[in-house]
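Summary of the model geometry
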Amino acid sequence: SFFIFFSFQQRIEIHKLRQGDNLILGFSIGGGIDQDPTQNPFSEDKTDKGIYVTRVTEGGPAEVAGLQIGDKIMQVNGWDMTMVTHDQARKRLTKRNEEVVRLLVTRQSLQKAVQQSMMS
Amino acid sequence: MSAAMDTESTYSGYSHYSGHSKKAHRQGSRDRHKSPRSKDGSRSEKSVTIQTPPAEPLLGNDASRAEEGQDDNWGETTTAITGTSEHSISQEDIARISKDLEDSVGLDCKRYLGLTVAAVLGLLVFLTPIAFILLPQILWRDDLEPCGTVCEGLFISVAFKLLILLIGTWALFFRQPKADIPRVFVFRALLLVLIFLFVFSYWLFYGVRILDSKDTNYQGIVQYAVSLVDALLFIHYLAIVLLELRQLQPMFTVKVVRSTDGESRYYSLGHLSIQRAALVVLENYYKDFTVYNPALLTASKSRAAKHMAGLKVYNVDGPGNNASGQSRAMIAAAARRRDSSHNELYYEEADHERRVKKRRARLVVAVEEAFTHIKRLQAEEQQKAPGEMMDPREAAQAIFPSMARALQKYLRTTRQQQYHSMESILQHLSFCITNNMTPKAFLERYLNPGPTLQYDRDRWFSKQWTLVSEEAVTNGLQDGIVFVLKCLDFSLVVNVKKIPFIKLSEEFIDPKSHKFVLRLQSETSV
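Sequence order sets the numbering: in each chain, residues are counted from 1 along the sequence as written. Each chain gets a letter, beginning with A, and each ligand a number, beginning with 1, in the order they are written. Owing to the predicted nature of the model, reporting of local features is limited to residues with pLDDT of at least 70; listing and counting of side-chain atom pairs is limited to 80 or more, with chain, interface and lining totals taken over all residues. Each side-chain value is derived from all of the structure's non-hydrogen atoms; neither hydrogens nor water enter the calculation.

In the nomenclature of an unreviewed UniProt entry, chain A is known as Tax1-binding protein 3 of Calonectris borealis.

So, in C-alpha cells, the structure goes:
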C-alpha cells in the first residue's frame, strides 16, 4: 500500500458567535498578496499568496463547522479570496451584517491506498 | 642549573666543526645509536620461533613483485622499512666526496670566469668613446679641423652621458653575487654578447672609415662617439627591462612543500627561469619556514616501524616460487590486523599537548616573576647608588637562575633544546633587558619555533642545495612544472601554477537604486 497526497475542495458554513459587541468566527488567517509567501508553513507551493487558516480555536464556530488548520480559503460568500490583500480578506470575513459565512476551502489530505480496496 | 650546563657541554664539542658536514656527522651518530635499539625492539615482539628452510629475503620479493602486473593494492605496495643507519652513512660519504670535488676546480672557476669576462668587456666599452675622441688627436692632430663650439658642446655631452652610464651600471650590476647557480644566466649572457657585437661593429667601422682614411672632420668623429654612448645608454635600458623589470609582475603562484613534515607556503613569482625561481624560493625558505627539527619526526618513524615489525612470514611448504604469496600475505595480514595504533596516537598527542601547556604555564610564571626583580635606573638615580648598578649582561646573569629550570624543561618537552645554548639564552635575555622588553617578548623566541634565520647561521644553514628538475634549469617557468630543491636532510618540492587569466567586467550601481520593502507574515484572528 502507499500514500496518495491530494487536495480536495470542501464547502464549510460557519455561524458566527456573538461575543459582546463582536461577531467572531474562531480561527486565524495568514497570507495575502501583500505578504511574504515563503513564510507560510501550510502552502505546498511557496509562491502561493492565498489566504490560509493558521489557527482554529477549540470549540469555536469554525471548528464546529469543520474548518481545519492549513485549509486554503478560496471563496467567502462568493467573493474570491485567492488574490486579495491580508486586510481585504479580514474585512470580507468580518462583515458586521453577516451572521453566516459560506467558505469554499481547499484541503490537502493524505489518503492511504485506494489500491487495497481495489484488490479486495 | 646543572641541566643547562649538561646540554651546553654536549654540544660544545660540535661547535668547533664548520659547515654542515658536521650536521650529517651528528645525525649519523644519533642514528647509529638508535638502530641497535630498534632491532632489539622488534626481536622482543616475536612470540613464536619456527625453524624455517632458507627463505628468499622479503625485500627482494617486493622488488620483483612491483614489476608484475596487477596493482590492486597499490596503496599498500610500499617496500618494507629499513633502519636509517645505512642511509645516513651513505649520504655522509656522498657529501664528503662531492665536497672534495667542488673544492677542486669546479664551480668557483666558472663563476669568476664569468665575472672577469663581464668586467673586461665593461671596461672596454667604457673606454671606447674616449678612445674614439682621443685617437684622431693623437694620430693626426695637425690635419684635423678645429673644434668649434658645437663640437666642444658635444664633449660635455659625452662626459655626462658616460658619467650617467657609469653610475647606472654601478647601481645595477655591481652587486655581490649571492648565489652559485648551476647554469649561466641566459639574459645576462645574451646582453654581453649583444654589447660585444655592438662595440665590435662600431670599432670596425671606425677602423675602416676613420682611422684608415684619416678623416679630418673632427666634429663628425665626436658625433660618432656620442652616438655610441647614446646607444650604450639604450642597451643599459634594455638590460634594466630584461633583467629587473620583466620578472616583477606576478605570473605564477608557486607552492613549496617541505618533504619531512609537510609544511607549505605559497609565493608569487614573475617570469623567471627555473634556477632563479629556485633562488627566490630558497631566500624565502629561510625567512618563512620554521626551522627543520629532526627530533619531531622520530615519532612517526617509530610508529611505522612498529606497525610492520610485528609480522613475520614463514614458508612452511619448503622453498618454492612463492615469493608473491609471501609478500601479499604479509601485507594483507598487516591490513587486517586489528592494531590500535590510531588510539595510541590520539592519546599520546593529547597527553603531549597537556604536558606542553603545563610546562609553558610554569615557564611564563617563572619568567614574569624573574623580570619583576629588575628595574631600570634613571639618570639621576644612577649617581646615588653606584655600588648596586649592573650592566645588562650582569642583570641577565642575576635573574637567569630563577627561570633556567622551567625554560630547560619546556625546551626539552618541545624538543627544541639543541637550538638554544645557555650562552644564547643569556645573550637574548640581556638584549631584552636592554630594550625594555616584557617577559612575553622575551619568551616569544622560545615558545614558537621560528624561521631558520633566527638561529645560529653556521649550525643550521644548509649552504649546499641541489636543484632536481626534469626540464632544463634555464627554461622559463611554465604551468605545471615541478622541481625539487634537495639539501642533505630534507627536500623542498616546488609546484608551479599559472595565475589564471581573469576576466573583470564592471557593473554600475546607481546610488539611488538601493530600495527596500518590508516582507511581513501577519496573522489575524477573525
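Structure's up, so let's keep going.
For the rest of this paragraph, the subject is the packing of aromatic side chains. Residues and elements named next belong to chain B. Between rings of Phe, Tyr and Trp, where Trp is taken as its six-membered ring, a pair exists when centres lie within 6.5 Å; planes separated by under 30 degrees are stacked, by over 60 edge-to-face, and by other angles tilted. Here the structure, examined in full by the defined rule, presents 22 aromatic pairs over all chains. Put simply, the rings of F132, F198, Y202, W203, F205, Y206 and Y224 pair up and form one aromatic cluster. Cation placement over rings: the criterion is NZ of Lys or CZ of Arg within 6 Å of the ring centroid and within 35° of the ring normal. In this structure, R258 packs its charged tip against the face of F490, placed 5.8 Å from the ring centre. Here the guanidinium or amino end of R265 rests over the ring plane of F289, the centre of that ring lying 5.3 Å away.

Throughout, a contact is declared for two residues whenever any of their heavy atoms are within 4.5 Å. Counting from both sides, the interface comprises 19 residues of chain A and, opposite them, 8 residues of chain B. Here chain A and chain B share an interface that buries about 1,200 Å² over both sides, 46% of which is from carbon and sulfur atoms. What makes a salt bridge here is a side-chain nitrogen of Lys or Arg within 4 Å of a carboxyl oxygen of Asp or Glu, nothing more. One can count 1 salt bridge joining chain A with chain B. Measuring nitrogen to oxygen at the nearest pair gives 3.4 Å for the salt bridge that ties E523 of chain B to R55 of chain A. What qualifies as a polar contact is a pair of N or O atoms within 3.5 Å, subject to a donor-acceptor requirement within protein and to the restriction that residues adjacent in sequence count only when both atoms come from side chains. For the pair chain A and chain B, the interface holds 9 residue pairs in polar contact (both at pLDDT 80 or more). Each helix corresponds to a stretch of at least 4 residues labelled H or I by DSSP, and each strand to a stretch of at least 2 residues labelled E; elements are numbered beginning at the N terminus. Looking at the side of chain A that touches chain B, the elements with two or more residues in it are β4 (27-31), β5 (51-56) and α2 (86-93) of chain A. Ranked by the residues each element gives to the side of chain A that touches chain B, the list is headed by β4 of chain A, at 5 residues. Only Asp, Glu, Lys and Arg are considered charged, only Ala, Val, Leu, Ile, Met, Phe, Trp, Tyr, Cys and Pro nonpolar, and every remaining residue, Gly among them, polar. When the residues that make up the side of chain A that touches chain B are grouped by side-chain class, the tally is 6 nonpolar, 10 polar and 3 charged. Paired strands are those between which DSSP finds at least two bridges. Sheet topology places β4 of chain A next to strand β6 (residues 523-525) of chain B; 3 bridges connect them, and they run antiparallel. Among the inter-strand pairings, I29 of chain A is bridged to a residue of β6 of chain B, identified as T524 of chain B. Buried area, as used here, totals the accessible surface that two parts lose on assembly, with accessibility defined by a 1.4 Å probe and the loss added over both.

Moving on, we get to the pattern of salt bridges. When the charged atoms of two side chains lie near each other, side chains of opposite charge can form a pair. Residues and elements named next belong to chain B. Applying the stated criterion to the full structure yields 14 salt bridges over all chains. Of the charged contacts, one joins D261 and R258 as a salt bridge, the two residues approaching to 3.1 Å between their closest N and O atoms. One salt bridge connects E353 with K357, and the closest N-O pair in it is separated by 3.9 Å. Taken together, the residues span about one helical turn, with E353 and K357 both in helix α12 (residues 341-372) at a distance of 4 residues. Buried residues are those whose accessible area, probed at 1.4 Å on protein chains only, stays under 20% of the maximum for their type, while exposed residues exceed 50% and partly exposed ones sit between those limits. Judged by relative accessible area, K357 falls into the exposed class, the value being 55%. Through salt bridges with shared partners, one network takes in R258, D261, E263 and R265.

Bringing a positive patch on the surface into the picture now. A contiguous patch of positive charge on the surface is contributed by K358, R362, R405 and K409 of chain B. Elements supplying a minimum of two residues to the positive patch: α12 and α14 (392-413) of chain B. Residues forming no salt bridge and having over 30% relative accessible area are the ones grouped into patches, like charges within 9 Å of each other and nonpolar side chains (Val, Leu, Ile, Met, Phe, Trp, Tyr) within 5 Å. Each accessible area value is a Shrake-Rupley result obtained with a 1.4 Å probe; residue values ignore everything except the protein chains displayed when judging cover. In this charge count, Lys and Arg are treated as positive and Asp and Glu as negative; neither His nor the chain ends contribute. A single reference atom marks each charge: NZ on Lys, CZ on Arg, CG on Asp, CD on Glu.

Let's shift gears to the confidence of the model for chain B. Close inspection of predicted coordinates is inappropriate in any region flagged by low pLDDT. All names here are of chain B. Confidence scores labelled pLDDT are given residue by residue by the predictor and lie between 0 and 100. Mean pLDDT for chain B: 78, with 75% of residues reaching 70 or above. Here residues 1-89 is modelled with pLDDT under 50, and outside its nearest four sequence neighbours on either side it reaches 83 contacts, counting other chains as well. The ipTM assigned to the predicted complex is 0.82, against a pTM of 0.62.

Before going further, it helps to examine the sheet that holds strand β4 (residues 482-486) of chain B. All names here are of chain B. The 5 strands are arranged β2-β1-β5-β4-β3 in an open sheet whose pairing can be described as antiparallel. Each edge of the open sheet is held by one strand with a lone partner, namely β2 (264-269) and β3 (466-469). For this sheet, the mean angle separating the axes of adjacent strands, direction not counted, is 25°. Only C-alpha atoms enter the line fits that serve as axes; for helices the fit covers just the stretch in contact. Angles between N-to-C directions range over 0 to 180 degrees.

A rise of 1.5 Å per residue sets the reference length of helix α15 (residues 422-434) of chain B, with its 13 residues, at 18 Å; its end C-alpha atoms lie 18 Å apart and thus fit the reference within 8%. Where α15 of chain B ends, the next residue or the one after it, N436 of chain B, has phi of about 55°, a positive value. Take the residue count of a helix, subtract one, and multiply by 1.5 Å to get its expected span.

Take the side chain of R276 of chain B next. Residue and element names in this part refer to chain B. Along the chain, R276 turns up in helix α9 (residues 274-288). Nearest to the buried, unbridged R276 among oppositely charged side chains is E244, at 5.6 Å. Not counting the four nearest positions on each side in its chain, R276 is found in contact with F185, L243 and Q247.

Let's shift gears to the environment of N284 of chain B. Residue and element names in this part refer to chain B. Among the structural elements, N284 can be located in helix α9. The buried category is assigned to N284, whose relative accessible area is 17%. In the structure, N284 is positioned 167 residues away from P451 in sequence and 9.9 Å away in space, judged by C-alpha atoms. When sequence neighbours within four positions are dropped, the list of residues in contact with N284 reads Y267 and F289.

Working note: regular strand, side chains alternate between the two faces of the sheet. All names here are of chain B. What you see with strand β1 (residues 252-258) is a clean split: F252, V254, V256 and R258 sit on the buried side and T253, K255 and V257 on the side with no burial. Bridge count between β1 and β2: 6 bridges; the pairing is antiparallel. If you follow T253 over to β2, its bridge partner there is S268. Counted along the chain from β1 to the antiparallel partner β2, the turn is 5 residues long, and its residue G262 has a positive phi close to 75°. Relative to strand β5 (residues 491-498), β1 runs antiparallel, the two sharing 7 bridges. Paired with V256 across the strands is V494, a residue of β5.

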